[in-house]
Amino acid sequence: MSNRVINFYAGPAALPLPALERAQREMLDFEGAGMSVMEISHRSKEYDAVHEEAISLVKELLNVPDNFRVLFLQGGGNLQFAMVPMNLLYGDRKADYLITGNWAEKAYKEAKIVAPDNVRAIGSTKDEDYCRLPDPDEYQVDPKAAYLHLCSNNTIYGTQWHEFPDAGNVPLVADMSSDFMWRPFDVRPFGLIYAGAQKNLGPSGLVVALIRDDMLEQCRTDLPSMLQYRIHADKNSLYNTPPTFSIYMLRNVLAHNKSIGGLAAIEATNLAKGELLYGCIDKYSGFYIPHVTNKAHRSVMNVDFKLPSKELDEKFVADAKKAGMVGLKGYRSLGGIRVSMYNATTLDHVKVLVDFMERFVAANG
Ligand SMILES: *Cc1c(COP(=O)(O)O)cnc(C)c1O
């Protein structure tokens, strides 16, 4: 596969090659059906097996207890920003939001539209350009809140919660769009988790959500059907036609993840990738200038740094492209370089990048 580039795009992003090759093999004749999985009814037994396998792989890989439901939703992470408060904030129910980046802020702003008097922003690091996460003594969670919302990984600015905030009995609600399943973690403190698939799980058009039964029971039942978590849960995410091909690809990705040792093995690789790349950045910290100031808050999914000038940033991106690496240009408002290295990025890919960075600093530093 010599014509495949090394893909560091932030999202949609790289998928594991074996998951794509499986799709290629199964494309024209899925399991003897004589057609592709895209062409089959979502009520057929062939598709149903894929749907169930994808759900059970999420549960198995993450060790999800029985009091959680796995949901497949549409509308991206963005619709979840609205659906969460629509379902959970009514009457005098309030929620707290941690503001650690653009996506976290968007979630807060949408909640403000839905329930203007019921949401509160706490612990923002916006004044510091989101270069770190707030420390526990910088925010206080209302013990009566219906939930505490956070974004587990800041895709744009490159921070990541390695230890989740302790909110006591207040359920956590998390946008995990850019790091869901990057490692095993305890889902029990979470009332609801949602993740757009196109970063760490599969193609766009699909949101994977986990909702705890007690949270589900609190959800409103007087919303339009498509906006109700309860209806999607009751219908096992088959209330309407789900994005069947995206769910099929999720199945391929998760089956691959299982075959390489599950999330513990994936975490070890992700940590090794982080050590390698941050090791290079720290070695040349006058040349590769990291955005995130607190090392404990560094994301192993999205790594932001700047070179000493805009011209060098541009040269870095252009030279990397010539060396077979794409997707390194920083986010529009932040500039610089962003390396997105989700589960599908291998340690070898990061080695190629770091070798390139060594040569680049030697030639331009
Ligand atoms: C990309 C991203 C989103 C937006 O997801 P859409 O599927 O485009 O709506 C939301 N949250 C985070 C953390 C993201 O990285």
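In the block above lies the structure referred to throughout.
Residues numbered from 1 in each chain as written. Predicted model: local features only at pLDDT ≥ 70, side-chain atom pairs only at ≥ 80, totals over all residues. Heavy atoms only, no water.

Undergrad: Please provide a residue-by-residue account of the overall build of the protein chain, values included.
TA: Helix and strand content of the protein chain: 10 helices and 12 strands. The C-alpha radius of gyration computed for the protein chain amounts to 21 Å, which stays within 12% of the reference 21 Å derived for 365 residues, consistent with globular compactness. Separation of charge centres in the protein chain, based on 39 positive and 44 negative side chains, amounts to 3 Å. (Helix = DSSP H or I, 4+ residues; strand = E, 2+ residues; numbered from the N terminus. Rg over C-alpha atoms; globule rule 2.2 N^0.38 Å. Lys, Arg positive; Asp, Glu negative; His and termini not counted. Charge placed at Lys NZ, Arg CZ, Asp CG, Glu CD.)

Undergrad: How would you sum up the packing of helix α9 (residues 310–322) against helix α10 (residues 347–364)? Please name residues and give values.
TA: Close contact between α9 and α10 brings their axes to 11 Å; oriented N to C, the two are set at 135°. Taken as axis vectors, α9 and α10 run oblique relative to one another. α10 is crossed by α9, and the crossing has right-handed handedness. Between α9 and α10, the residues in contact are Leu312, Lys315, Phe316, Asp319 and Ala320 and Leu353, Phe356, Met357, Phe360 and Asn364, respectively. (Axes fitted to C-alpha atoms, helices over the stretch in contact; angles between N-to-C directions. Parallel < 35°, antiparallel > 145°, perpendicular 65-115°, else oblique. Left-handed = near helix turned anticlockwise from the far one by under 90°. Contact = heavy atoms within 4.5 Å.)

Undergrad: Tell me about the packing of aromatic side chains, residues and numbers included.
TA: Per the counting criterion, the structure on display carries 20 aromatic pairs. Seen from their ring centres, Phe287 and Phe360 are 6.2 Å apart, and the 45° between their planes marks the pair as tilted. With Phe287 in the loop between α8 (262–283) and β9 (289–290) and Phe360 in helix α10, this pair connects stretches of sequence that are 73 residues apart. The same class applies to Phe287 as to Phe360, namely buried. Here the aromatic residues Tyr284, Phe287, Tyr288, Phe305, Phe316, Phe356 and Phe360 are joined through ring pairs into a cluster of three or more. (Phe/Tyr/Trp six-rings, centres within 6.5 Å; stacked < 30°, edge-to-face > 60°. Buried < 20%, exposed > 50% of the residue type's maximum accessible area, 1.4 Å probe, protein only.)

Undergrad: Explain the site of the ligand residue by residue, including any values.
TA: The full set close to the ligand counts 13 residues, and Asn78, Thr155, Asp175, Gln198 and Lys199 are the nearest of them. With respect to the ligand, the side chain of Thr155 contributes an N or O atom lying 2.5 Å from an oxygen atom. Between Gln198 and the ligand, the recorded distance is 2.9 Å, taken from a side-chain N or O atom to an oxygen atom. Protein burial of the ligand: of its 390 Å² of free accessible surface, 87% is covered by the chains. The leading source of residues in the shell around the ligand is helix α3 (residues 76–88), at four residues. Grouping the constituent residues of the shell around the ligand by class yields three nonpolar, eight polar and two charged. (Near = heavy atom within 4 Å. Polar contact = N/O pair within 3.5 Å; in protein donor to acceptor, adjacent residues only side chain to side chain. Areas by Shrake-Rupley, 256 points an atom, 1.4 Å probe, with all protein chains shown as cover. Nonpolar A, V, L, I, M, F, W, Y, C, P; charged D, E, K, R; others polar.)

Undergrad: Describe the environment of Ala323, listing the residues and the values that go with them.
TA: Here Ala323 shows up in the loop between α9 and β11 (325–326). A residue is classified by how much of its surface remains accessible, and Ala323, at 37% relative accessible area, is partly exposed. A C-alpha to C-alpha distance of 41 Å links Ala323 and Glu52, two positions 271 residues apart in sequence.

Undergrad: Describe the packing of α8 against α10, listing the residues and the values that go with them.
TA: One can describe the packing of α8 onto α10 by two numbers: an axis separation of 9 Å at closest approach and a directional angle of 5°. Judged by the angle between their axes, α8 and α10 are roughly parallel. Taking contact as the criterion, the partners of Thr269, Ala272, Lys273, Leu276, Leu277, Cys280, Ile281 and Lys283 in α8 are, on α10, Leu347, Val350, Lys351, Leu353, Val354, Met357 and Glu358. By residue class, the composition of the contact of α8 with α10 is 10 nonpolar, one polar and four charged.

Undergrad: Please provide a residue-by-residue account of the pattern of salt bridges, values included.
TA: Oppositely charged side chains can pair when the atoms bearing their charge come close. For the coordinates displayed, the defined rule picks out 19 salt bridges. Between Arg251 and Glu53 there is a salt bridge, with its nearest N and O atoms 3.0 Å apart. Here Arg251, found in helix α7 (residues 244–259), pairs with Glu53, found in helix α2 (residues 45–62); they are 198 residues apart in sequence, far enough to count as distant. In this structure, Arg132 and Glu128 form a salt bridge, with 2.8 Å as the shortest nitrogen-oxygen distance. For Arg132, a relative accessible area of 15% gives the class buried. Under the relative-accessibility criterion, Glu128 is labelled partly exposed at 34%. Each of the salt bridges in this network shares a partner with another, and the network as a whole consists of Arg22, Glu26, Glu53 and Arg251. (Salt bridge = Lys/Arg side-chain N within 4 Å of Asp/Glu carboxyl O.)

Undergrad: Residue-level account of the pairing of strand β2 (residues 68–73), with values.
TA: For β2, the tally of buried residues reaches five of six residues, placing the bulk of the element in the interior. Of the strand pairs in this sheet, β2 and strand β8 (residues 207–212) are connected by six bridges, and their pairing is antiparallel. By the bridge assignment, Leu71 is partnered in β8 with Ala209. (Pairing = 2+ DSSP bridges.)

Undergrad: Describe in detail the side chain of Asp175, supporting the description with residues and values.
TA: Relative to the elements of secondary structure, Asp175 occurs in strand β6 (residues 172–175). One buried charged residue, Asp175, remains without a salt bridge, the closest side chain of opposite sign being Lys199 at 7.3 Å. Side-chain polar atoms of Asp175 contact the side chain of Ser177, separated by 2.7 Å.

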